[in-house]
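So the chains spell out like this:
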Amino acid sequence: MTVDTQPQGDERVHWLPMVAAISSISVVGIAIGLGMPLLSVILETRGHSASMIGLNTAVAGLASIAGAPLATPLAMRFGVAWTMIAMIATGALAFVGFHFAPDFWMWFPLRIVLHIALTVLFILSEFWISTSAPPHRRGLVLGIYATVLSLGFAAGPWLFAHLGSSGFRPFGVIIALVTLAAIPVLAARNESPTIASDGETSNFLRYIWLVPSATAAVLVFGAVETGGFALFPVYGNRIGYSEADAALLLTMIGLGNVLLQIPIGMISDRVSDRRYLLIACATVGLAGTVFMPFFAQNWHLMAALLFVWGGVVAAMYTIGLAHLGSQLSGHELASANAAFVLCYGVGMVLGPQAIGIGMDAFGPSGFGWSLGLFFAAYIGLVSVRLIRKILL
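Here the structure is a predicted model, which means the values were calculated and not measured.

(A) A look at the nonpolar core. Grouped together as the largest cluster of nonpolar side chains are 137 residues, with contacts concentrated most on Y145, F232, Y235, M316, F367 and Y378. Among the elements that line this core, the one with the most residues is helix 1 (residues 15-45), at 17 residues. Both of domain 1 (15-192) and domain 2 (202-391) provide at least three residues apiece to this core. If we skip the residues at most four places from it in the chain, Y378 touches S213, A216, A217, V220, L278, I279, A282 and M316.

(B) Spatial organisation of the packing of helix 1 against helix 5 (residues 138-163). As a packed pair, helix 1 and helix 5 sit with axes 7 Å apart at the nearest point and diverge in direction by 35°. The two elements helix 1 and helix 5 meet at a crossing, and its hand is right-handed. Taken together, the residues that form the contact of helix 1 with helix 5 break down as 20 nonpolar, five polar and no charged.

(C) Seen up close, the pattern of salt bridges. Under the criterion given, the structure shown has two salt bridges. R274 is the salt-bridge partner of D269, the closest N and O atoms lying 3.8 Å from each other.

(D) Highlighting the packing of aromatic side chains. Under the counting rule described, the total for this entry stands at 14 aromatic pairs. Ring geometry for F291 and F295: centres 6.0 Å apart, planes at 40°, overall tilted. Pair noted here: F291 and F295 are both in helix 10 (residues 275-295), with a separation of four residues, about one helical turn. Assessed through its relative accessible area of 25%, F295 is described here as partly exposed.

(E) View of the environment of A146. Inspection of the secondary structure assignment puts A146 in helix 5. Exposure remark for A146: the relative accessible area of 10% places this residue in the buried category. For the pair A146 and I262, spaced 116 residues apart in sequence, the C-alpha to C-alpha distance is 7.8 Å. When sequence neighbours within four positions are dropped, the list of residues in contact with A146 reads Q261 and T318.

(F) Highlighting the state of the cysteines. Counting across every chain of the model gives zero disulfides. Of the cysteine sulfurs around C281, a residue in no disulfide, the closest is that of C343, at 18 Å.

(G) Geometry of the domain arrangement of the chain. As far as domains go, the chain holds domain 1 (15-192) and domain 2 (202-391). Each partner contributes residues to the interface: domain 1 has 51 residues there, and domain 2 has 49 residues. Here domain 1 and domain 2 share an interface that buries about 3900 Å² over both sides, 73% of which is from carbon and sulfur atoms. Our enumeration of links across domain 1 and domain 2 arrives at three residue pairs in polar contact (both at pLDDT 80 or more).

(H) Region of the structure containing empty space enclosed by the protein. Evaluation of the coordinates by the stated rule reveals five cavities of 30 Å³ or more. Looking at the largest cavity, its volume works out to about 660 Å³. The wall of the largest cavity is formed by 38 residues, among which F153, F221, E225, T226 and Y344 lie closest to the centre. Those elements that place two or more of their residues in the lining of the largest cavity are helix 1, helix 4 (107-131), helix 5, helix 8 (212-238), helix 9 (243-268), helix 11 (299-327), helix 12 (330-362) and helix 13 (365-391).

(I) Fine view of helix 10. With 21 residues, helix 10 ought to run about 30 Å at 1.5 Å a step, and its terminal C-alpha atoms sit 30 Å apart, in line with that. Listed as buried for helix 10 are R275, L277, L278, I279, C281, A282, G285, G288, T289 and M292. Against helix 8, helix 9, helix 11 and helix 13 lie the buried residues of helix 10.

(J) How the structure looks around the packing of helix 3 (residues 80-100) against helix 4. Across the interface, helix 3 lies against helix 4 with an axial gap of 8 Å and an inter-helix angle of 155°. With respect to helix 4, the axis of helix 3 lies roughly antiparallel. Where helix 3 crosses over helix 4, the handedness of that crossing is left-handed. Only W107, L110, R111, V113, L114, A117, V120, L121, L124, S125, F127 and W128 of helix 4 make contact with helix 3, whose side of the interface consists of V80, A81, T83, M84, M87, I88, T90, G91, A94, F95, G97 and F98. Residues belonging to the contact of helix 3 with helix 4 are distributed by class as follows: 18 nonpolar, five polar and one charged.

(K) View of the environment of A86. Structurally, A86 can be placed in helix 3. Look at A86 and you get partly exposed, because its relative accessible area is 36%. As for A86 and L121, which are separated by 35 residues in sequence, their C-alpha atoms are 9.0 Å apart.

Parameters at a glance
Residues numbered from 1 in each chain as written. Predicted model: local features only at pLDDT ≥ 70, side-chain atom pairs only at ≥ 80, totals over all residues. Heavy atoms only, no water. Core = buried A, V, L, I, M, F, W, Y, C linked by side-chain atoms within 4.5 Å. Buried < 20%, exposed > 50% of the residue type's maximum accessible area, 1.4 Å probe, protein only. Helix = DSSP H or I, 4+ residues; strand = E, 2+ residues; numbered from the N terminus. Domains from an automatic or database assignment. Contact = heavy atoms within 4.5 Å. Axes fitted to C-alpha atoms, helices over the stretch in contact; angles between N-to-C directions. Left-handed = near helix turned anticlockwise from the far one by under 90°. Nonpolar A, V, L, I, M, F, W, Y, C, P; charged D, E, K, R; others polar. Salt bridge = Lys/Arg side-chain N within 4 Å of Asp/Glu carboxyl O. Phe/Tyr/Trp six-rings, centres within 6.5 Å; stacked < 30°, edge-to-face > 60°. Disulfide = S-S within 2.5 Å. Buried area = accessible area lost by both parts, 1.4 Å probe. Polar contact = N/O pair within 3.5 Å; in protein donor to acceptor, adjacent residues only side chain to side chain. 1 Å grid on protein atoms, 1.4 Å probe; cavity = no way out; pocket = protein on both sides within 12 Å on 5 of 7 lines; lining within 4 Å. Points joined across faces, edges and corners; volume = space filled by probe spheres on them. Expected span 1.5 Å × (residues − 1). Parallel < 35°, antiparallel > 145°, perpendicular 65-115°, else oblique.

This is the structure in structure tokens:
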């Protein structure tokens, strides 16, 4: 089943709910940007291998897969805003748990609870943002969303570089940030969208096949972002970077996201087939992984590479999400967002494991090679679809 039409709805931008959803999820982004490298470094200092760190991180993807079907039913029963607030509180409690969990096995259920909450939160916030944007500005609005979210992700590693990984202080900062995220949602709760049932909630998986190039793109992005973000501090340590320098390189990835999402989002509003933009982003991603080992010994060259690479690769999520929102609305859009994030969760499972195993098998160079495989596979998939379109 393919959807080619674009619904023509309200042409106004509903700024209050959009700003509330964007600001809330962006504060959560700061907490994630701080928490991901923090947890990996703690496990590294406790003597766990890269593959075991990857395994624990990959559980987040399984949790996302489990959490995606819950978003629409929960929002239908309790409302979008109140469900988001509940997920914010659940995520905050899970973060506290990591500090007080001494055994490695305890981190697995904590990862599950945390990422189910985050998955529902992201699905509903993106649905809220999409419904607040008119069709002809959806790419721009989602570019703004991705930019502000990227600011949060960039600020997280910056905070990590200054806070370090010891003691309760970094966890305390995360709890404070996650608590602040509830404030804008509460302020705009009366303007949150209502999701009416049409009997298709249980069949949300069918939306994966509506836009296969976009859902595969978010799968690749989920693998690259989660695996790369979690294991880059380990990679940086193994090639000689200090903890702070590796964290600042993560910040450069975030800054690239900040500057590139809005222009790429605007471009996506003006192209007839977003698959060409998606394959271009994947090509840049592949090229970046090829050059990464050659730039690794020079921090400034590496920073410049990651700045461009991170910004363009992140656009795979933005473009895919804009494409989804341009074709669906209402309950269908909420269910499609759940399927979209489920594919992201699949990527979260594959990425950390593939990169962790690659680093254990081939040393530091396995980091870039593992990332490159994801981009190469995606380029092959979309190229076949584009060739078929031309021939048919």
